[in-house]
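Notes for the structure review
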Amino acid sequence: MFFISLVPFSFASRLGRWFGTLVFGMAAGERRKTLNSIRTAFPKGFSDAQVEKLALGVWRNLGRNLFEFVQWISMTQEKVVSQVVRIRGWEHLEKAIARGKGIFVVTGHLGNWELLGAYMTSRHPMAAVAQKLYDPRFDKMITWLRSDKLKAQMIKRGLALRGILEALKQNKIVYALVDQDTGKDGVFVPFFGKPAWTQSGVARIAQKTGAALIPAFVVRGPDGQYELHMEKEIQTPNAGNKEKDVVETVRRYTEV
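So, a few notes on the structure that sits alongside this text. Since we're looking at a predicted model, the values are computed, not measured.

1. Quick notes on the packing of aromatic side chains
Throughout the structure, instances matching the rule amount to six aromatic pairs. Consider the rings of F191 and F192, whose centres lie 4.8 Å apart with planes at 75°: the pair is edge-to-face. The ring centre of F24 lies 6.0 Å from the NZ or CZ of R31, which sits over that ring.

2. What about the sheet that holds strand β8 (residues 212-220)?
If you walk across this open sheet you meet the seven strands as β1-β9-β8-β2-β5-β3-β4, and the pairing is mixed. Pairing within the sheet leaves two strands with one partner each, and these edge strands are β1 (84-88) and β4 (153-156). Direction aside, neighbouring strands of the sheet carry axes that sit 25° apart on average. Bridging between β1 and strand β9 (residues 226-230) involves four bridges; their strand directions are parallel. Bridging from a neighbouring strand, I87 pairs with L228 of β9.

3. A word on the nonpolar core
L93, I103, V105, M120, L228 and M230 are the most contacted members of the largest nonpolar core, which has 34 residues in total. In terms of residue count, the dominant contributor to this core is helix α7 (residues 113-123) (five residues). The residues touching M120, leaving out its near neighbours within four places in the chain, are W90, L93, V105, M126, I173, L228 and M230. Counting 24 residues, the second largest nonpolar core, distinct from the first, contains V129, I164, A176 and V202.

4. Digging into the pairing of strand β6 (residues 186-191)
By the bridge criterion, six bridges tie β6 to strand β7 (residues 194-199) in an arrangement that is antiparallel. Residue V187 lies in a different strand from β7, and its bridge partner there is T198. Between β6 and β7, which follow one another and run antiparallel, lie two residues, and F192 among them has a positive phi close to 50°.

5. Quick look at the side chain of D139
Position of D139 relative to the elements: it lies in helix α8 (residues 136-149). Setting aside its immediate chain neighbours within four residues, D139 contacts Q131, K132, L133 and K156.

6. Some remarks on the pattern of salt bridges
Enumeration over the complete set of coordinates arrives at twelve salt bridges. When the shortest N-O distance is used, the salt bridge between R99 and E233 registers 2.8 Å. One end of the pair, R99, is in helix α6 (residues 90-99); the other, E233, is in the loop between β9 and α11 (242-255), and 134 residues separate them in sequence. Its salt-bridge partner being R204, residue E243 comes within 3.1 Å of it at the nearest N-O pair. Remark: R204 occurs in helix α10 (residues 201-209) and E243 occurs in helix α11; sequence separation between them is 39 residues. Put simply, R86, R88, D223 and E227 are held in one network by salt bridges that share partners.

7. What to know about the environment of T198
Tracing the backbone shows T198 in strand β7. Since its relative accessible area comes to 5%, T198 is described here as buried. Between the C-alpha atom of T198 and that of V81, which follows or precedes it by 117 residues, the distance is 30 Å.

About the criteria used
Residues numbered from 1 in each chain as written. Predicted model: local features only at pLDDT ≥ 70, side-chain atom pairs only at ≥ 80, totals over all residues. Heavy atoms only, no water. Phe/Tyr/Trp six-rings, centres within 6.5 Å; stacked < 30°, edge-to-face > 60°. Lys NZ or Arg CZ within 6 Å of the ring centre and 35° of its normal. Pairing = 2+ DSSP bridges. Helix = DSSP H or I, 4+ residues; strand = E, 2+ residues; numbered from the N terminus. Axes fitted to C-alpha atoms, helices over the stretch in contact; angles between N-to-C directions. Core = buried A, V, L, I, M, F, W, Y, C linked by side-chain atoms within 4.5 Å. Buried < 20%, exposed > 50% of the residue type's maximum accessible area, 1.4 Å probe, protein only. Contact = heavy atoms within 4.5 Å. Salt bridge = Lys/Arg side-chain N within 4 Å of Asp/Glu carboxyl O.

The structure is reproduced here in structure tokens:
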């Protein structure tokens, strides 16, 4: 990481792409998982060569994300967020902020979710819900980068409810990745045509508080530069059955 922080940003990005290629070639188990997931997502119309190419692209992008993330350690917050060069759909967030009941910005492990969080907190007060990482030293460093460097309030999973409710009360953005099984608090919803156990805490809190649910993603455009896509607010149903309403809300944001 020390070495990566010393080289020019563009070179670090290229190194990250190479590193992703190396990992894809060496980590047989992870490679099989990636290939199988892509075949599940696109069951028809993709040849083996196309699946392989797309899977390699996934790992190259992960490598670039990792090496670029390390570069942020020596950057100002302004320089980090300046990597987002195009913004689409920001008006959806502005409408939700004006309502004054707090906002959940929901996303998944797609594109550069760390840059999305950094950008959001530069534009509006934000709290991010985060899982503790497997290594306490790594967890401490990432938490420092997110909170001290990028100025995001961190809320650790497991003790999150009070912090989330307080943030929403203050009309902050609460940033959450909602595409994982995080334990008991979940429901089954379709994901690429198969039932997947998906966390439902965000849907339950939004239902109770009236907080807006806005999907957002930061992805690389055709020119390799980052662009932010803010989607329309997801409407939380109110059909009279709370559990069914929660499942339907989770289904809607998982579909996005």
